[in-house]
Amino acid sequence: GSRYFSMALVESCMDKDIPVLKYSQTDEFTYMAESMRNMETDSWLRSEVLPVLKSALPFGSYIGGDFARSGDLTTLVISQRISETERIGLCSIELRNMPFDQQLRIMRFILDNLDRVYGFSTDARGNGQMIAEILQQDYGSDLVNAVMISNNFYAEFMPLLKSRFESKELTIPYSPDVIDDFRLVTMVKGIPKIPDARTAEEGNRKRLRHGDTAVAECMV
């Protein structure tokens, strides 16, 4: 199939001042005591994430998430509502090899410390369903939307996302890896979707990506 997003289109809506906050852990981290895992995670949240959340504009934000436990990334996109249609990215958060409990802790931290969240739509396939359900129990299903990604989802929301790029109604972080995420979207039997292929992160071919930012942006 053909690539759905051109590089020029994606780059035209990118801003180098929007941060991509990355947090990866070792396999050993999973089996550390819970208190130690929480302490390390909280230290990263306070030093890296909280200052960005507190810099948000006063208009409110939307959050979109693509969930993974191992191999691929969990990507969280926070996009600020400027008008009924216009969005400006606050940041993207990329989690790699992160235990379920700490992923849930990070998502709760964001929801608790970000003013005026209009909605959090998150991937609820597979293991993501448990995370989405707990968040709905904690924050309500009106705020947290559990999305079962399917061909119907791609057929409806990828064209909407592309139209926002074309009309310059969104701004996303600049990153070669993020460009690769969008460039992975492929037309398959008339549907723009993420294929089974993976891309490698810049500078580390062992770290794979699966269009994670593109999926998260579809949720915003």
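In every chain, residue numbers begin from 1 and rise along the written sequence. Given that this is a predicted model, residues contribute local features only at a pLDDT of at least 70 and side-chain atom pairs are listed and counted only at 80 or more, while totals for whole chains, interfaces and linings are drawn from all residues. Think of the side-chain values as coming from all heavy atoms in the structure, minus any hydrogens and water.

Participant: It is not clear to me how the nonpolar core should be interpreted in this structure. Could you clarify?
Facilitator: Of all hydrophobic cores here, the largest spans 30 residues; its most connected members are Trp44, Ile78, Ile93, Ile106 and Ile110. Elements that contribute at least two residues to this core include exactly strand S2 (20-24), helix H2 (34-54), strand S4 (74-81), strand S5 (87-96), helix H3 (100-113), strand S6 (117-123) and helix H4 (128-139). With six residues, the top contributor of residues to this core is H3. Any pair of residues with heavy atoms lying within 4.5 Å of one another is described as a contacting pair. Ignoring any residue separated from it by four or fewer positions in sequence, one finds tryptophan 44 in contact with Leu21, Lys22, Tyr23, Val49, Ile93, Leu95 and Ile106. Phe153, Tyr154, Leu170 and Met219 belong to the second largest nonpolar core, which has 26 residues in total. Side-chain atoms within 4.5 Å link the members of a nonpolar core, which is a set of buried Ala, Val, Leu, Ile, Met, Phe, Trp, Tyr and Cys residues. Throughout this description, buried means an accessible area under 20% of the type-specific maximum (1.4 Å probe, protein chains only), exposed means over 50%, and partly exposed covers the range between. Only DSSP runs of H or I with at least four residues qualify as helices, and only runs of E with at least two residues qualify as strands; both kinds are numbered from the N terminus onward.

Participant: Where do I start with the packing of aromatic side chains in this structure?
Facilitator: How two aromatic rings sit relative to each other is given by the distance of their centres and the angle of their planes. Here a Phe, Tyr or Trp ring, Trp counted by its six-membered ring, pairs with any other such ring whose centre lies within 6.5 Å, and the pair is stacked when the planes are under 30 degrees apart, edge-to-face when over 60, and tilted otherwise. Counted according to the given criterion, the structure contains nine aromatic pairs. Where phenylalanine 153 meets phenylalanine 157, the ring centres are 5.2 Å apart and the plane angle is 40°; that geometry is what we call tilted. Within this pair, phenylalanine 153 and its partner phenylalanine 157 are both found in helix H5 (residues 151-166), separated by four residues, close to a single helical turn. Phenylalanine 157 gets classed as partly exposed once you look at its relative accessible area, which sits at 30%. Ring geometry for phenylalanine 165 versus phenylalanine 182: centroids 5.2 Å apart, planes at 75°, classification edge-to-face.

Participant: I keep staring at the environment of threonine 74 and nothing clicks. Help me out?
Facilitator: Note on placement: threonine 74 falls in strand S4. Expressed as a C-alpha distance, the spacing of threonine 74 and tyrosine 118, which sit 44 residues apart in the sequence, is 21 Å. Apart from the residues within four sequence positions on either side, threonine 74 is in contact with Asp66, Phe67, Ala68, Ile93, Glu94, Leu95, Gln103 and Met107. Of note is the side chain of threonine 74, whose polar atom sits 2.8 Å from the side chain of glutamine 103. The term polar contact refers here to a pair of N or O atoms within 3.5 Å; inside protein, the definition further demands a hydrogen-donor-capable atom paired with an acceptor-capable atom, and it admits residues adjacent in sequence only when both atoms are side-chain atoms.

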